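What follows is each chain in one-letter form.
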Amino acid sequence: MKKLRVGIIGAGGIATGAHIPNYLKCGEKVEIVAICDVVKEMADKAALEFNIPHVFSSYEEMFQSVQIDAVSICTPNKYHYPATMAALSEGCHVLCEKPPAMTAKEAEEMAIAAEKAGKILTYGFHFRHAPHVEVLKRFIDGGELGEIYAARVTAMRRRGIPGWGVFTDKELQGGGPLIDIGVHMLDTALYLMGYPEPDTVFGVTYQKLGNKKGVGLMGTWDWENFSVEDMARGMITFKNGASILLETAFAANVEKHDVMNVSLMGDKGGADVFPLKIYQEKHDTLIDITPSHLHKKDWYELELERFVDSCLEGIKTLSTGIQGVYLQKIINGLYESAEKGEAIKLSEDVTV
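Residues numbered from 1 in each chain as written. Predicted model: local features only at pLDDT ≥ 70, side-chain atom pairs only at ≥ 80, totals over all residues. Heavy atoms only, no water.

*Asks:* Quick question: what am I supposed to make of the overall build of the protein chain here?
*Replies:* Assigned secondary structure in the protein chain consists of 10 helices and 15 strands. For 352 residues, the compact-globule formula gives about 20 Å, and the C-alpha radius of gyration of the protein chain, at 20 Å, lands near that figure. Across the protein chain, the fraction of contacts at a sequence separation of at least 24, relative to all contacts at a separation of at least 6, is 74%. Of the roughly 15900 Å² of accessible surface on the protein chain, 50% is carried by carbon and sulfur atoms. Positive and negative side-chain charges in the protein chain, numbering 36 and 48 respectively, have mean positions lying 3 Å apart. (Helix = DSSP H or I, 4+ residues; strand = E, 2+ residues; numbered from the N terminus. Rg over C-alpha atoms; globule rule 2.2 N^0.38 Å. Contact = heavy atoms within 4.5 Å. Areas by Shrake-Rupley, 256 points an atom, 1.4 Å probe, with all protein chains shown as cover. Lys, Arg positive; Asp, Glu negative; His and termini not counted. Charge placed at Lys NZ, Arg CZ, Asp CG, Glu CD.)

*Asks:* I keep staring at the pairing of strand β10 (residues 243-249) and nothing clicks. Help me out?
*Replies:* Put simply, side chains in a regular strand alternate between the two faces of the sheet. Within β10, five of the seven residues are buried, leaving the element largely enclosed by the surrounding structure. Examined bridge by bridge, strand β9 (residues 231-238) and β10 share seven bridges and lie antiparallel to one another. Residue pairing across strands places Thr237 opposite Ser243, the latter belonging to β10. Here β9 hands over to β10 after four residues, with Gly241 in that stretch at a positive phi of 95 degrees. (Buried < 20%, exposed > 50% of the residue type's maximum accessible area, 1.4 Å probe, protein only. Pairing = 2+ DSSP bridges.)

*Asks:* In this structure, what is going on with the environment of Asp180? I would like to understand it.
*Replies:* The topology assignment puts Asp180 in helix α8 (residues 177-192). The sequence separation of Asp180 and Phe167 amounts to 13 residues, and the corresponding C-alpha distance is 7.8 Å. Ignoring sequence-local partners within four residues, the contact set of Asp180 consists of Lys98, Phe167 and Phe250.

*Asks:* I keep staring at helix α1 (residues 13-24) and nothing clicks. Help me out?
*Replies:* Every α-helical turn comprises 3.6 residues, leaving residues that sit three or four positions apart pointing alike. With 12 residues, α1 should cover 16 Å at 1.5 Å per step; its first-to-last C-alpha distance of 16 Å lies within 8% of that length. Taken residue by residue, α1 has Ala15, Ala18, His19, Ile20, Asn22 and Tyr23 as its buried positions. Relative to the axis of α1, the buried residues are bounded by an arc of 165 degrees and lie together on one face. For α1, the exposed residues set more than 90 degrees away from the buried face come down to Gly13 and Gly17. (Expected span 1.5 Å × (residues − 1). Arc of directions from axis to C-beta.)

*Asks:* What's the story with the sheet that holds strand β14 (residues 285-289) in this structure? I'm lost.
*Replies:* Whenever strands of a sheet pair, they do so through backbone hydrogen bonds, lying parallel or antiparallel. Read from one edge to the other, the open sheet built from nine strands follows the order β14-β13-β12-β11-β7-β10-β9-β8-β15, with strand pairing classed as mixed. Looking at strand neighbours, the two that pair on one side only are β14 and β15 (344-345), the edges of this open sheet. Relative to β15, strand β8 (residues 198-206) is paired through two bridges, and the arrangement is antiparallel. When the bridges of β15 are listed, Thr200 appears paired with Lys345. Sheet strands in contact with α8 are β7 (148-157), β9, β10 and β11 (258-266), and its direction is about 150 degrees off that of β10. On the sheet, helix α10 (residues 321-340) packs against β8, β9 and β15 and is oriented at approximately 50 degrees with respect to β8. (Axes fitted to C-alpha atoms, helices over the stretch in contact; angles between N-to-C directions.)

*Asks:* Help me out: how do you make sense of helix α6 (residues 131-141) in this one?
*Replies:* Buried residues dominate α6, accounting for eight of its 11 residues. If you check which residues of α6 are buried, you get Pro131, His132, Val133, Glu134, Val135, Leu136, Lys137 and Ile140. One or two positions beyond α6, positive phi appears at Gly143, with a value near 85 degrees.

*Asks:* Is there a simple way to explain the layout of surface pockets in this structure?
*Replies:* Where empty space is left becomes clear once a probe the size of a water molecule has been rolled over the atoms. Each pocket or cavity is described by its volume, and for the largest pocket that value is around 1100 Å³. What lines the largest pocket is a set of 43 residues, among which Ile14, Cys74, Thr75, Pro76 and Phe167 lie closest to the centre. Of all elements in the fold, only α1, α3 (59-65), α7 (170-173), α8 and β11 reach the threshold of two or more residues within the lining of the largest pocket. For the lining of the largest pocket, the element with the most residues is α1, which contributes four residues. (1 Å grid on protein atoms, 1.4 Å probe; cavity = no way out; pocket = protein on both sides within 12 Å on 5 of 7 lines; lining within 4 Å. Points joined across faces, edges and corners; volume = space filled by probe spheres on them.)

Have a look at this one:
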């Protein structure tokens, strides 16, 4: 069996906590041959912990020195685009952490480059691999919800501003909860809805709690240099007539500490995803359906396992380049709308 030779770009928490351990679970299918990080001490530490033979301070040096088939890109958002373009130019398959990029133009160029190179470009939307989503997708594909015309996306924390990393640095991340946790639930909704083409967005953002001291349930954040929104709300309409309402926050005065959910409404049924419950009317009765059993395999493990199988066996990935373009257009449109105070008509010039 051919082994997939993998390189890791970025040695932070998502690399050492999710990507590397789950590549190792793939056994003989995968060999992690190299890791790089601009802070080489971090790469050295990860290499020592996981027995990775080659360590570099840049991906340029890594590509010049080691033969690699695929990469995981685990950098801050600002570097997703250049790292992906470099990897594709070197003939590598790419699993890039979310969000796709900083702009829709970057996401589109990434998708075009992958298509021209004949390589896989997929994104780290691990919620798609949750059993709740997989089961509901089968119900949807079987027509149980009918036409899904409305959805509600929620990714809310009471006081969940990350006290580590660069999550509160707009220059490196591009935004706050919308582009970090909100994007997961938004992608999940779009995936279950068949990824319709977006048309118009209207968004508002707030910075009310993150820029001052407060209780931190995820560590103490740097409130003096907090440069992202702490809440975003919006509405998205699609060319097929469907719509999504979105609400996401790192910090808000709400009851529950952490809520991540997608609600779907179709003309034959509806559903909440986390936890999974389906709502229908059958035989003159309103019924709720809940699963009695769901598999418990780690979602990151499934994501990495399926990426490896896609690279080695040509199996289609769940997340694609064109979906990344649509998603990035929505995210950037919501931020633009919030800045301008008006609805934004999204451009149609997608050439992938």
